[in-house]
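As a plain string of letters, each chain reads:
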Amino acid sequence: MVADVKIDRVSKVCFFAIVSFSVGFAAPPSLKVLRKNLARKFMDPRAHLRFAKALVAHGREASAFSVLEYAWGVVFSRKRKAFRWAHREVFFEEEPFDNSPEAERRLFAKLKKKPRDPKLLFKIADIYISRKEWEEAEAWLKKLIEIDPKESLGSVRALREVLSRQGRKEEGDAVLERWMAAHKDSADAMIYRAKKLPRDSPLRVKLLEEALAKHPGNGWVHFYLAMAVQGKDPDRAEKLYTKAAELEPKEPAIQGWTGRFLLRARKKPDKALKYYYKAYFLDPDFYDTEYAEHRVRKLARAQAERWVRKKKADGWSLERMVEEGNAFQVLVAVTDAWKRKVPEDQKPGEVDLMARLLGHDAPMVQVMAVQAFLRWDGDLARKKVKELLKDKDPFRKSLALLPAIKHLGKEGLTAAGKRLRSKWDLFWYDALTGLAQLGGQEGRKILEEHMKGEKRPVVLELWQRISRK
């Protein structure tokens, strides 16, 4: 059963946010182009995010999830703040936030021409909020509320928070109360009054029913009414939750809590997974007693295991499952076929399969393939690795360098040394990390010698981090 949760509808980054989010495109961009761009600009979080967003648009959520998890947890694990901003820029199409004096001056110049433009006023107030200059933020928020009182709830909530930060919580609460009283028939005001009533109160349901009649297109009304009736009428609650998610596609809270209800109260894990994916792509940090990433991973893995069992019963070959399955299904199908371990005595078909999977869109599948080649040290695998070092696919070509460093001796080390000079981020990244982790003393000597003439800050930064270990 879903708890009566307090949903914070104020942005985490600022106290208000104007976004035009769309997980998807009217005409999805070329994955091939975005994938190539990812290889070129592997150290730019936006390249990972754009590729992931396009994968979602193409209906490949499992691969998109893996792309973001790898970027978030490995490549940019020490740059979480930059990654969060890049996520908002790519997935929400927001301009990068800039609270510098130069940005402030530019906004004021624009404001002279459009003194009552809400968007400009929002941005100016946001700058002062980010700097914790509460008195200035208060003044600009009050201007916003004065310009358009009816549409000012976001500013009112922000002002309430700003006043609270100044030790004026009661004053802030009064500002919000006055707005709600002045707009008592608005959806927000009716929800506000309903939430003050006991959870099991019939009056709470009655008030939300009235709100639904007045505001049938408001997803938040559907959402809170679903929470109010879920204990007594779960069938209706499910319809209300899913309708809320349909009406508010930009709201991670609604998507995630719809998933939670479907999982906990309705025991529909596959349907719940769809909503957890949506919540995750809207907010990779989404939390509902457990992070969305953990929910996705567990549900998708369980779904994949059921899928593999069914396809095996239907007589599908491993190759067909790999060809038609999503990233989680591919992972489960291969590990199941190999009984969760890489065969020591590789066969031509297995080597060819792993070579193909080195170029999979999902990093978790790529990692599985790399691990296989690192285990294999026979003639078949060595020959395939040498071929892959010249492959046209940038990911197969780059990832093949790792088993080359481990198994091809001087040939692999020399190839890695040359890749350190590449202008493509992916190539020098795998060369640097591969030499550091797999190259032993000889690999470290190559790195140290190369770094004497290296000028690129991003390369030097990564080397400094790795060399300290």
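The structure presented is a predicted model; accordingly, all values stated were derived computationally and were not measured.

Trainee: How should I be thinking about helix H18 (residues 327-337) in this particular structure?
Mentor: Quick reminder: α-helices carry 3.6 residues per turn. Residues three or four places apart thus point the same way. The buried count for H18 comes to nine of eleven residues, which makes it a mostly enclosed element. Residues Ala327, Phe328, Gln329, Val330, Leu331, Val332, Ala333, Val334 and Thr335 constitute the buried set of H18. Buried-residue contacts for H18 involve helix H3 (61-75), helix H15 (269-282), helix H16 (292-313), helix H17 (318-324), helix H19 (348-357) and helix H20 (363-375). Here H18 starts with a cap whose side-chain oxygen sits 3.0 Å from the backbone nitrogen of phenylalanine 328, and that cap is asparagine 326.

Trainee: Looking at this model, I keep getting lost on the packing of aromatic side chains. Mind explaining?
Mentor: All told, the structure shown has 22 aromatic pairs when counted by the stated rule. Aromatic side chains tryptophan 428 and tyrosine 429 sit 6.5 Å apart centroid to centroid with 65° between the ring planes, which places their arrangement in the edge-to-face category. Note on tryptophan 428: relative accessible area 1%, which makes it buried. By way of ring pairs, the aromatic residues Phe65, Phe91, Tyr277, Tyr280, Phe281 and Phe328 are connected into one cluster. Its guanidinium or amino end placed over the ring of phenylalanine 92, arginine 88 lies 5.0 Å from that ring's centre, counting from NZ or CZ. Lying across the ring of tryptophan 140, lysine 143 places its NZ or CZ 3.9 Å from the centre.

Trainee: Would you take a moment to explain a positive patch on the surface for this structure?
Mentor: Taken together, the side chains of Lys32, Lys36, Arg40, Lys41 and Arg50 present a region of like positive charge at the surface. Of all the elements, helix H1 (residues 31-40) adds the most residues to the positive patch, at three residues.

Trainee: Explanation requested: the nonpolar core in the structure shown.
Mentor: The tendency in soluble globular proteins is for nonpolar side chains to be buried side by side. Ranked by internal contacts, the top residues of the largest apolar core, which has 126 residues, are Met354, Leu357, Phe373 and Leu432. Apart from the residues lying within four places of it in its own chain, the contact partners of methionine 354 are Val334, Trp338, Met368, Ala369, Ala372, Phe373 and Trp376. With 28 residues, the next largest nonpolar core counts Leu121, Ile124, Ala137 and Trp140 among its residues.

Trainee: What's the story with the environment of glycine 439 in this structure? I'm lost.
Mentor: Among the structural elements, glycine 439 can be located in the loop between helix H25 (425-438) and helix H26 (440-451). The exposure class assigned to glycine 439 is buried, which follows from its relative accessible area of 13%. It is 9.1 Å that separates the C-alpha atoms of glycine 439 and glycine 412, two residues lying 27 residues apart in sequence. Discounting residues that sit within four places of it in the chain, glycine 439 has contacts with Ile405, Leu413 and Gly434.

Trainee: What am I meant to see in the packing of helix H5 (residues 101-113) against helix H6 (residues 118-130) here?
Mentor: When two helices pack together, you describe them by how their axes are tilted relative to each other and by the distance separating the axes. Between H5 and H6, whose axes approach to 10 Å, the crossing angle comes to 155°. Comparing the axis directions of H5 and H6 gives the class roughly antiparallel. Both H5 and H6 take part in a crossing whose hand is left-handed. Facing Ala103, Glu104, Leu107, Phe108, Lys110 and Leu111 of H5, the residues of H6 in contact are Leu120, Leu121, Lys123, Ile124, Ile127 and Tyr128.

Trainee: Could you clarify how one ought to interpret the pattern of salt bridges in this entry?
Mentor: Where charged atoms of side chains with opposite charge meet at close range, the side chains can pair. Taken as a whole and assessed by the stated rule, the structure comprises 46 salt bridges. One salt bridge connects aspartate 336 with lysine 312, and the closest N-O pair in it is separated by 3.0 Å. Within this pair, whereas aspartate 336 is found in helix H18, its partner lysine 312 is found in helix H16, the two being separated by 24 residues in sequence. A relative accessible area of 32% means that aspartate 336 is categorised as partly exposed. Across the salt bridge formed by glutamate 324 and arginine 320, the nearest N and O atoms sit 3.2 Å from each other. Placement of both glutamate 324 and arginine 320 in helix H17 is noted, with a separation of four residues, approximately one turn of the helix. Classification of glutamate 324 as partly exposed rests on a relative accessible area of 48%.

Thresholds applied
- Residues numbered from 1 in each chain as written.
- Predicted model: local features only at pLDDT ≥ 70, side-chain atom pairs only at ≥ 80, totals over all residues.
- Heavy atoms only, no water.
- Buried < 20%, exposed > 50% of the residue type's maximum accessible area, 1.4 Å probe, protein only.
- Helix = DSSP H or I, 4+ residues; strand = E, 2+ residues; numbered from the N terminus.
- Contact = heavy atoms within 4.5 Å.
- Polar contact = N/O pair within 3.5 Å; in protein donor to acceptor, adjacent residues only side chain to side chain.
- Phe/Tyr/Trp six-rings, centres within 6.5 Å; stacked < 30°, edge-to-face > 60°.
- Lys NZ or Arg CZ within 6 Å of the ring centre and 35° of its normal.
- Patch = residues over 30% accessible without salt bridge, like charges linked within 9 Å, V, L, I, M, F, W, Y side chains within 5 Å.
- Areas by Shrake-Rupley, 256 points an atom, 1.4 Å probe, with all protein chains shown as cover.
- Salt bridge = Lys/Arg side-chain N within 4 Å of Asp/Glu carboxyl O.
- Lys, Arg positive; Asp, Glu negative; His and termini not counted.
- Charge placed at Lys NZ, Arg CZ, Asp CG, Glu CD.
- Core = buried A, V, L, I, M, F, W, Y, C linked by side-chain atoms within 4.5 Å.
- Axes fitted to C-alpha atoms, helices over the stretch in contact; angles between N-to-C directions.
- Parallel < 35°, antiparallel > 145°, perpendicular 65-115°, else oblique.
- Left-handed = near helix turned anticlockwise from the far one by under 90°.

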